[in-house]
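Residues per chain, in single letters:
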Amino acid sequence: MTQPAPASTAPPPRRFQLPSLSTLGPLIALLIAVIVFSSQSPRFFSGTNFSLILQQISYTAVLAIGQTLIILIAGIDLSIGIVMALGGLVMAKLATQSGLNPLLAIGAGFLTTMFFGFLNSQIITRLRVPPFIATLGMLGIVTALNQTYSGSQTLSNLPPALTALGNTFKIGGTAITYGTVLMLVLYLIAWFVLSETAPGRHVYAVGNNPEAARLSGIPINRLTVTVYTVAGLLYGIAALILVARTGVGDPNAGQTDNLDSITAVVLGGTSLFGGRGNVLGTLLGAIIVGVFRNGLQLIGIASVYQSLITGILIIAAVALDQVSRRKG
Amino acid sequence: MTAPYNPPAPAAPLVMEARNLVKKYGSVIAMNGADFELRPGEILAVIGDNGAGKSSLIKALSGATIPDSGEMFLDGQQIAFRSPIDARRNGIETVYQDLAVAPAMTIAENLFLGREILKPGPLGRLFRLLDKKKMHDEATRHMQGLQFAIKSMRQPVETLSGGQRQGVAVARSAAFARHVVIMDEPTAALGVREGNMVLDLIRKVRDSGLPVILISHNMPHVFEVADRIHVHRMGKRAAILDPKRISMADTVSVMTGAIRPEDLSADMLAG
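Basis of the calculations
Residues numbered from 1 in each chain as written. Chains lettered and ligands numbered in written order. Predicted model: local features only at pLDDT ≥ 70, side-chain atom pairs only at ≥ 80, totals over all residues. Heavy atoms only, no water. Patch = residues over 30% accessible without salt bridge, like charges linked within 9 Å, V, L, I, M, F, W, Y side chains within 5 Å. Areas by Shrake-Rupley, 256 points an atom, 1.4 Å probe, with all protein chains shown as cover. Salt bridge = Lys/Arg side-chain N within 4 Å of Asp/Glu carboxyl O. Helix = DSSP H or I, 4+ residues; strand = E, 2+ residues; numbered from the N terminus. Buried < 20%, exposed > 50% of the residue type's maximum accessible area, 1.4 Å probe, protein only. Polar contact = N/O pair within 3.5 Å; in protein donor to acceptor, adjacent residues only side chain to side chain. Contact = heavy atoms within 4.5 Å. Pairing = 2+ DSSP bridges. Axes fitted to C-alpha atoms, helices over the stretch in contact; angles between N-to-C directions.

Peer 1: How should I be thinking about a nonpolar patch on the surface in this particular structure?
Peer 2: Residue and element names in this part refer to chain A. Together, Val181, Val185, Leu188, Ile189, Trp191, Phe192, Val193 and Leu280 make up a nonpolar patch on the protein surface, roughly 640 Å² of accessible area in all. It is helix 7 (residues 178-196) that provides the largest number of residues to the nonpolar patch, a total of seven residues. With respect to the element layout, Trp191 can be found in helix 7. With relative accessibility at 34%, the residue Trp191 sits in the partly exposed group.

Peer 1: Any chance you could explain the pattern of salt bridges here in plain terms?
Peer 2: For side chains bearing opposite charge, pairing can occur when the charged atoms are close. All names here are of chain B. Inspection of every chain in the model, using the stated rule, returns 19 salt bridges over all chains. Note that Asp200 and Arg203 form a salt bridge whose closest N and O atoms lie 2.8 Å from each other. Taken as a pair, Asp200 and Arg203 lie in helix 7 (residues 192-207) at a separation of three residues, close to a single helical turn. Across the salt bridge formed by Asp207 and Arg206, the nearest N and O atoms sit 3.0 Å from each other. One network of salt bridges, in which partners are shared, links Glu17, Arg19 and Glu71.

Peer 1: Is there a simple way to think about the side chain of A:Thr177 in this case?
Peer 2: All names here are of chain A. Take Thr177: it is sitting in strand 2 (residues 174-177). Within the structure, the side chain of Thr177 is placed 2.8 Å from the side chain of Thr180, a separation counted as a polar contact. Those residues in contact with Thr177 that sit more than four places away from it in its chain are Gln55, Leu165, Gly166, Asn167, Thr168 and Phe169.

Peer 1: Would you take a moment to explain the sheet that holds strand 5 (residues 77-79) of chain B for this structure?
Peer 2: Within a beta sheet, neighbouring strands are joined by backbone hydrogen bonds and run either parallel or antiparallel to one another. All names here are of chain B. The strand order 2-1-4-5 describes an open sheet built from four strands, whose pairing is antiparallel. In this open sheet, the two strands that pair with only one neighbour each are strand 2 (28-38) and strand 5. Between one strand axis and the next, the sheet turns by 30° as a mean value, whatever way the strands run. In the sheet, strand 4 (residues 69-74) pairs with strand 5 via three bridges, with the strands oriented antiparallel. Following the sheet pairing, Met72 is matched in strand 5 by Ile79.

Spelled out as structure tokens, the structure:
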């Protein structure tokens, strides 16, 4: 058996390649934005402003972790922001009007958002409703629930436990909220789980080729239920961060966060078809949106142009991704 | 290239056996008293016209369907599979036609998909931490054992050619099978060169000691690698042929019913 192995006749695999355009593109966009905004506004390039940007994006960024997990298994969640709002309302209402121990109120908020994540997964796995439709329906249901539960009233006068994540500590003169730190820690945990554990790899496999995953003995339905429920827990944490930042339980919160979270996921290079992507890319995507929003505001550009630019960024990011994949 | 095939004495115990399998779907009879025998260390081709019921037979052997009646044996022990996972637990691995690999994942990840090696210790088990290095090393060792030339186990499977991808699927089943590897049309979607590469791999699996059940429509491929040919017709086994003693044309005639097996000379039949 001295003959060369037959596989060597196939085209040589490309081993060393630059990071794909889908990750490089957004990074370049971010760098250019930072340079442009820094030259246009003296207030942009400062620790305080960067801390503010992170604080502004923190709850959407936490939601986007859940959205990333769901999109990786080729799902989607359109009820994401509304469920978060419900979680915030439950926390605020139980802690104020019902006089419940604030920590228990927070726990009840978490359970609520987890329940709706679980409910979405049951509709998807048992009733075989596509995720888009299941969560679109849930968006309508929970929107109504939020208004009736709160009586369309904003809930304020929250106990300190509910706003603790809005407190700050200082690093070299820059105030940073605990909510920001929590957000960053959650990203690290999500990244670790996805890349270093067996269930994390199963998430990719299910999104990549569900049939292969099934034949490999991966319990697809159980994994789907776990992913949506864990995402639900993340919505609860996002709710707590939002409540801490605004100091109120707001029935109208989270209405655009389904699309905002998808924007962060897509800008971060995760494929909407599932199975490909990186949760740290989502953080990058969320930061890009935050930097553009903040920078455009600082240099005095009307807010309509913020959504214009976000729109262009999304299309450009996905187009770049498609081009790079076709070449590959 | 490969070690000569030394047919074991007919008295050698069968690795897998099925007797009188019956499966009906309403009024359609997919298996009508089908028998099956697999010997140690052989490549047994299973051929049959469309609708002959060979896929029902293979599904029964791989646990994908449950026969209505009949008996199956693995190494002399009676078995009854309720699912493909069940068959796999018993050491029977199946390579499916539609390439059961996850394209964006690496070769090593695909080899160990659903059977990842975890880091030792309670923490590894609790958090199900991957032992990436060990998986990578074992994947490399295994692929080298099959002389499957791939530069890195860290490449995504989608960067491979069709034949190499099929090779990954074959290697994966060979790595985990303890008794039998079943291959469903493994060369169907491949060009000549790639098809030969996979055939080579199939021989290497056999030479490593694992018997292979090869389902194929490709007669030249069947004749190139098979030690015996199981011809399936009308829901049951029509004959077992010896590819060294019968022509391809006669084999096709048996398969289509143009020649009755009884009319073949006895030496064309495999023992």
